[in-house]
Amino acid sequence: MLQDPSLTSKPVLCASGIRPVEAVILYDALLPNAESKLMEALHEIDPEESSFTNTFRAARYALAEVGLCASDLVWRRAIREYAANRNDDDDPVFEIANKIRDLVKNWVFAMPNLNISSRGFNVTPKFVQLIHVLKSCGAYGDKFRGIVLVQRSEVATIMVNIMRTMIDELAFVRPYALSSELFRELLDNFASGKHNLLILIKTLEDIDLPRVNVFIRYDLFESQLSYAFACAHTMVPDGHLIHMVEKGSDLHRRILQEYSGPALDDRWIKVVLQGGNSPVPSCPLKETGNPYRSDEEMASRPEISIGDSINGGRLLEDDALLAVFRIAANLQCSIITPFLHPLFVVHPTPIPSMGGVQQFVCTVTLPPGLPLQTIQGPPCFTPVHARRSGAYRFCLRLFEFSGLDYRLIYTPDRSDDNAYANPSLLKSDLVSGNSCYMRKRPNFWVNSLRISEERLFPVVISVGNPEGPSEPYAPIVILTRQPLPHLEPFKLFFYGVFATVKNARGPALIFDGERLNDLHSYTLRICRTIANKAFVCSLEKMAYFIAPLLPSQAKDFSCSNTTNLQDAIDWEAVARANSNYVTRFSSDNLRDLSEFEDAVIQDRLVEFTRRCYVVRLRPDLSPMSKPSDSPREAEYANILEYCRARRKGFQGLQDNNQPLIEVSKAAAVLNRLNPVHKPLIETNKTSPKYLIPELCGKCTIPASIYRTALLLPSITRRIDDFLIVKELNAQFFANMILEQHLLSAVFAPSATFETDYERLELLGDSFLKYFSSVYVFVFNPALSEGALHKARQHIISNKVLTQCGLSIGLPSYIQGKTFSYKLWQPPNFTVQDVSMQHLGRSNDFTSSSGNGGMTIDTQTQAPVNDTNASTMLSTSQSKTKHKAPDDNITQWLGDKTIADVAEAIIGAAYLSGGRNVALRAIKALRLPVADVEQWEDFRRKALAPPSNVTPRLRGGTLSAVEEIIGASFKYPHLLSQALTHGSIHGYENTCYERLEFLGDAVLDFLVVRHVFNRDDHMSPGAMTLLKSAMVSNSALAAVCVRTGLHAYLLYESYALGNSIQSYAEQLETRRQEEHQKAVRDGRPPGQYWLDMEPPKILSDVVESIIGALYISDGFTSDGVESMFEKILEPFYDQHVTVKTLSHHPTKILFEIMQTQGCQQFSIEKEKLGETHGTRCDGRIQIVSMWNVLMSLPVIVHDIILASATESTGYIAGRMASTAALDALEGDPSFMAHNCSCRNRIQMGKKDYKNRLEKMLADLEEGQNVTTEEDHNNGMGIE
């Protein structure tokens, strides 16, 4: 069967008995096709495609997949079905449509011409190969049944039309386009042979059809389930599965390798074969989730679907089956004991009321691990529809439980849209080189507002008690219109401590209109109170709501208990807050302790004012007292006299003996995302310590809720950060990158976030150099080393990275500035002019005590339930603080920052999934690399020099070198090339230079990865210093000599030989001396090779051997990593550490501080006395403090990082600097948590150099003279 000499095919062996015989049919790539003559004429009539829009689109699809003939025939079919419903000559579109109709009706259409050498050839090479395959199926005779799988229904329809005209070639073929609902009659026709070839579209591949002899995958899909369905359809003796693959297509090769054949476990084929009526296997299922529908197709499907508010995707009923398979596979792989219940069980259910028509119901049961495990779908007329409906109902219920992973809903590819290609550049500064860009706002809040329902999805936010049990933080509930995705816990920073914010999603809650209004008012009250701004927002535009929990629920709450939230909301607290912003204390309860528990009070009865927490009620004090610990009233006889003198309109108290309230100042909203905190600057105005209850109002929001509410700006900002990263990951990187890495990758150091991109940028930069070196090496086999360097620059330069970042709109996703908490504003909120009065009901309140006219001021209050207030903004609002909101949605970024973020994303991708995921990220960033889809492509396309053009190795060289490096060469002639110097006559073109270029990049990446993994919190500055020291020519030359590799070099230069021998002897002498000094000083041996200029061949040969080994292993790093672990890693761990980077550790300490941008550090000298010698303290002066766990004291502006006491300043300086390096190595996050100098004007390199020279000179000044007085020179030496 399938014998045709015109076919270009490659057999694929059957993996097991359950699979059909597979073959790959190759076809030539499609040359860029011009439009047909008909399309050109049509575009002259309608260049904007305003009429027959769908037909224009279908014709383009047909042109790409089938050819010019098909493109024209699409129009003939469309015009035959066209009928004018109007007769309006004044309508321009109607006039255009009539012109198109007349043109097509009178057009002479050509029949398909499959002769590729003919001038009239009008089909694609791909379609020609399809016809050849079908012709070869004639040997099946009447038993022939076949399926051709295509992506688009338009292509399926036109294929059938063309095949029916090819009577001579395909006389036995009776095709039918199956692109819509399947009816029983069609199924019978296919079984009987009336139709023996079905052109099937992708979305219908799961339907139950009779088995076929031949299944042709005309289009390939990144879906293992699609491959499994194809195998299941071909489960007959002598069945064939055909894959149509474009010649030279790396994409098609990758799809075949990753999504078909051995990549899929046989058990998945069995599951599909049984319609899911079997347990899912405990093995992964690789899917992209792409439904392979165009945006136009999605728009034409108005039926109910599950929406993804993050990226705007939709999950239709047709797609739910794939989603359930993916969920089940992930759950089965995550449990220890396999779950043996069938996934789909379809039951026939006769319904008498329907006249006895049999229907089917599907029960869906998934492995444990979700809030929902089993559900039954609605009755359907076919088992296929029953499975789809059951799967969709399961996904819908899971969505309502906030348990549906948004990544299961495919994100439309909008990477080519103008909205994403435009980076929203606003303006540029030619002096600084920076540009202003719009910051990205999450699409989630906009998309979620499109769904107007009374259903809200709760997320409980809990922060613990970061400031101790005396200042509790109550959990609160954020209710969103669409379920928030899973959010990892994150940190908020306080003075000296941090709090971990946990969140727990609960099932959807249904609220009636009254409750929604209550939540709307309460949310406004909370936001107005914490921001002290007159926020307004209508109910329809409010993106999320806030609610308190009952005190009993809040105390016993755990983030795992979110199932009964409907009854856990404290509606009395909501009503209390909505009624007024403050209440007065009654004279009857001034001594009631419970009245002051968990209370916030204010001594001005206006809405926007300062507030205080109640510490305790002081019955021992009264207004007639003068507390000694309250400096505010120090100049007055007592507190009453202070009020009489300072309070405007004060008319006395009803009760002069009432107890006082001891209070503490309530903090304002702060940026809790910045680990480097500046202490609050106290104003000259003294805060109150004691207040008189009669003159105060009690805030209607409890203190525990108020404290948590003050964190809302930071919490919601971090939620926005997560949402933006999820968008970026889905839009451009197919969710391949772990979100915690991608989050760090988009944060610039200037944003002062807990982590930033610097470490990832170093890793990504080295990987990009590694990848691009391999790329240019493979695709430019004739270029010299110098030309390879130039070619690599066209990929890795900052200019290229910046341009690529701009092309996808990357600047909008970058977080380049500190969170401006003062400008915080929830989505769609506006600030009302506080001069507006009496917008609604009055909130006047007369105290029950009836004292001196002390009523609550309503002049600054807008009712929180006024939904029309947002439209009543005064024109004066635009005159004040007009530019402040712009500052919150724009940012200035330099080109270097954009390039650094691109490299950091590559580093994040590598950490997430290795080199192939990093390669995908490189392509997603649109870097100029083509013809490579996976790392395996390098091995296939590389050209190595043949063995007869390299010199022969000396006897024993191969085994000796392999013994030294701990790896074997599969191709020894590559080692010969790696050891060959250009001085050998006749082998100039095959010397080690190209290999050295490749090996340099491989080694650079291995070193950075080694440092990155060895010290997972080391500062980027220290990592850079270590990496530079490890890959320096002098260090590699020392490795070469130390291991003896230099003895096997091939060269013909007497001078070079003498130079190598002399250097090796001197190096050995220096090594012995350094080891003796290290033993004497009690320190590890340092870099004994410094200050020696080695012959460059020694370092080059180490890199060239790495390059040769890398190629010999098929462009994999297995052998190279063995070499690294045997000779390089031990050498680095012994000689190249932070403490051994130079002979004077003070220099290294200064270099680390310089790379961190720290400006306030010094080494101070203090003479203790003749018996004590000199003490040298390494002090780093910090502008703000966040105390981390350290063995050293941390002091604001004078942090003693380390100290040492020795007989001379020189020795003390060395010892103090060494101890400081030890401290930094033990706590790598110290600088990030304590230094914010980088956010101010940076010190120049020249200033650093001068400062370092003066410090070293001062330390050395006292090396031999211990009695000389030390003076402060004002340059860091104090």
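Residues numbered from 1 in each chain as written. Predicted model: local features only at pLDDT ≥ 70, side-chain atom pairs only at ≥ 80, totals over all residues. Heavy atoms only, no water.

As annotated in an unreviewed UniProt entry, the protein carries the name Dicer-like protein 1 and comes from Suillus subaureus.

Participant: Whenever I open this one, the overall build of the protein confuses me. Can you help?
Facilitator: Counting its regular elements, the protein contains 40 helices and 32 strands. Classification of the 1278 residues of the protein by burial places 56% in the buried group. Partitioning the intrachain contacts of the protein with sequence separation of at least 6 by distance along the chain shows that 73% fall at a separation of at least 24. (Helix = DSSP H or I, 4+ residues; strand = E, 2+ residues; numbered from the N terminus. Buried < 20%, exposed > 50% of the residue type's maximum accessible area, 1.4 Å probe, protein only. Contact = heavy atoms within 4.5 Å.)

Participant: What am I meant to see in the nonpolar core here?
Facilitator: General note: in soluble globular proteins, nonpolar side chains tend to be found buried as a group. One finds Phe767, Phe771, Trp935, Ile965, Ile1105 and Tyr1132 to be the most contacted residues of the largest nonpolar core, which totals 197 residues. In terms of residue count, the dominant contributor to this core is helix α27 (residues 895-924) (16 residues). In this structure, Leu114, Ile162, Val173 and Ile201 belong to the second largest nonpolar core, which totals 121 residues. (Core = buried A, V, L, I, M, F, W, Y, C linked by side-chain atoms within 4.5 Å.)

Participant: Please clarify how the packing of helix α33 (residues 1033-1043) against helix α35 (residues 1096-1112) should be interpreted in this entry.
Facilitator: Packed helices, taken two at a time, are described by the angle their axes make and the gap between the axes. It is at 7 Å that the axes of α33 and α35 come closest, and there the two elements cross at 75°. One way to sum up the angle between α33 and α35 is to call them roughly perpendicular. Counting all contacts with α33, which are made through Asn1033, Leu1036, Ala1037, Cys1040 and Val1041, the residues of α35 involved are Leu1098, Ser1099, Val1101, Val1102 and Glu1103. A breakdown of the residues in the contact of α33 with α35 according to their chemical character gives seven nonpolar, two polar and one charged. (Axes fitted to C-alpha atoms, helices over the stretch in contact; angles between N-to-C directions. Parallel < 35°, antiparallel > 145°, perpendicular 65-115°, else oblique. Nonpolar A, V, L, I, M, F, W, Y, C, P; charged D, E, K, R; others polar.)

Participant: For this particular structure, what's the right way to read the packing of aromatic side chains?
Facilitator: How two aromatic rings sit relative to each other is given by the distance of their centres and the angle of their planes. By the definition in use, this model includes 40 aromatic pairs. With centroids separated by 5.9 Å and ring planes inclined at 55°, the aromatic side chains of Phe771 and Phe938 adopt a geometry described as tilted. Residue Phe771 is located in helix α23 (residues 758-779), and its partner Phe938 is located in helix α28 (residues 936-941); the two are separated by 167 residues in the primary sequence. The pair formed by Phe771 and Phe938 is uniform in burial state, with each residue classed as buried. One aromatic cluster is present, built from ring pairs that chain together Phe767, Tyr770, Phe771, Tyr775, Phe779, Tyr910, Trp935, Phe938, Phe1005, Tyr1110 and Phe1115. It is Arg707 that lies over the ring of Tyr613; its NZ or CZ is 4.3 Å from the centre. (Phe/Tyr/Trp six-rings, centres within 6.5 Å; stacked < 30°, edge-to-face > 60°. Lys NZ or Arg CZ within 6 Å of the ring centre and 35° of its normal.)

Participant: Where do I start with the environment of Ala1037 in this structure?
Facilitator: Within the element layout of this structure, Ala1037 appears in helix α33. Sequence separation of Ala1037 and Ala1064 is 27 residues, and the distance between their C-alpha atoms is 9.2 Å. Discounting chain neighbours no more than four positions away, the residues touching Ala1037 are Tyr1063, Pro1094, Leu1098 and Ser1099.

Participant: Could you clarify how one ought to interpret the environment of Gly390 in this entry?
Facilitator: Here Gly390 shows up in helix α13 (residues 383-400). Residues contacting Gly390, with those up to four places away along its chain left out, are Val364, Ile375, Gly377 and Pro378.

Participant: Explain helix α18 (residues 571-579) here, please?
Facilitator: The α-helix advances 3.6 residues per turn, and as a result positions three or four apart in sequence lie on the same side. Of the positions making up α18, those classed as buried are Trp571, Ala573, Val574, Ala577 and Asn578. The buried residues of α18 occupy an angular sector of 155° when projected down its axis, which confines them to one face. For α18, the elements touching its buried residues are α16 (513-531) and β21 (544-548). The N-terminus of α18 is capped by Asp570, whose side-chain oxygen sits 3.4 Å from the backbone nitrogen of Glu572. (Arc of directions from axis to C-beta. Polar contact = N/O pair within 3.5 Å; in protein donor to acceptor, adjacent residues only side chain to side chain.)

Participant: Explain the pairing of strand β14 (residues 434-438) here, please?
Facilitator: As a general feature of sheets, a regular strand has side chains that alternate between the two faces. Bridge count between strand β13 (residues 425-428) and β14: three bridges; the pairing is antiparallel. Counted as the bridge partner of Leu425 is Tyr437 from β14. Of the pairings in the sheet, the one linking β14 to strand β29 (residues 890-894) comprises five bridges and is antiparallel in character. Paired with Met438 across the strands is Thr890, a residue of β29. (Pairing = 2+ DSSP bridges.)

Participant: Looking at this structure, I do not really get the packing of α23 against helix α32 (residues 1020-1030). What am I missing?
Facilitator: At a minimum axis distance of 9 Å, the contact between α23 and α32 shows a crossing angle of 30°. Between α23 and α32, the crossing angle belongs to the class labelled roughly parallel. α32 is crossed by α23, and the crossing has right-handed handedness. Two secondary-structure elements touch here, α23 through Glu758, Arg759 and Leu762 and α32 through Pro1020, Met1023 and Thr1024. Residues of the contact of α23 with α32, tallied by class, amount to three nonpolar, one polar and two charged. (Left-handed = near helix turned anticlockwise from the far one by under 90°.)

Participant: Got a minute to help me understand unusual backbone geometry in this structure?
Facilitator: In terms of backbone geometry, most residues other than glycine have negative phi values and most peptide bonds are trans. Even without glycine at this site, Asn532 takes up a positive phi of about 55°. By secondary structure assignment, the location of Asn532 is in the loop between α16 and β20 (535-536). A positive phi angle is found at Phe1115, which is not glycine, with a value near 60°. Relative to the helices and strands, Phe1115 resides in the loop between α35 and α36 (1118-1135).

Participant: Explain the sheet that holds strand β11 (residues 358-365) here, please?
Facilitator: Neighbouring strands of a sheet are bound in pairs by backbone hydrogen bonds; such pairs are parallel or else antiparallel. Here we have three strands laid out as an open sheet, ordered β10-β11-β12, and antiparallel in their pairing. Both outer strands of the open sheet, β10 (344-350) and β12 (374-376), are each paired with one neighbouring strand and no more. With direction set aside, neighbouring strand axes in the sheet form an average angle of 20°. Sheet topology note: the β11/β12 ladder contains three bridges and is antiparallel. Bridge pairing links Val364 to Ile375 in β12. This element, α13, spans β10, β11 and β12 of the sheet and lies at about 40° to β11.

Participant: Explain the confidence of the model for the protein here, please?
Facilitator: Residues of the protein with pLDDT of at least 70 account for 78%, and the chain-wide mean is 82. Residue range residues 1170-1175 is modelled with pLDDT below 50. Its contacts to residues more than four positions away, or to other chains, number 19 contacts. In this model residues 1178-1197 is a low-confidence stretch, pLDDT under 50, and it forms 71 contacts with partners more than four residues away in sequence or in other chains. (pLDDT = per-residue confidence, 0-100.)

Participant: Could you clarify how one ought to interpret the pairing of β11 in this entry?
Facilitator: The buried fraction of β11 amounts to seven of the eight residues, a majority that puts the element mostly inside the structure. Here β10 pairs with β11 via seven bridges, running antiparallel. Each residue of the ladder has a partner; that of Phe344, found in β11, is Val364.

Participant: Hey, could you run me through α35 in this one?
Facilitator: For α35, spanning 17 residues, the distance from its first C-alpha to its last is 24 Å, which sits close to the expected 24 Å at 1.5 Å a residue. Counted residue by residue, α35 has 16 buried out of 17 residues, so it is predominantly covered. Downstream of α35 by a residue or two, Gly1114 has a phi angle that is positive, lying close to 75°. (Expected span 1.5 Å × (residues − 1).)

Participant: I keep staring at the pattern of salt bridges and nothing clicks. Help me out?
Facilitator: Close approach of charged atoms allows side chains of opposite charge to pair. Tallying each qualifying case throughout the model produces 49 salt bridges. Among the salt bridges present, the one from Asp28 reaches Lys247, with a minimum N-O distance of 3.1 Å. Here Asp28, found in the loop between β2 (21-27) and α1 (37-45), pairs with Lys247, found in the loop between β7 (240-246) and α9 (250-259); they are 219 residues apart in sequence, far enough to count as distant. With its nearest N and O atoms 3.3 Å apart, the salt bridge here joins Glu607 to Arg525. (Salt bridge = Lys/Arg side-chain N within 4 Å of Asp/Glu carboxyl O.)

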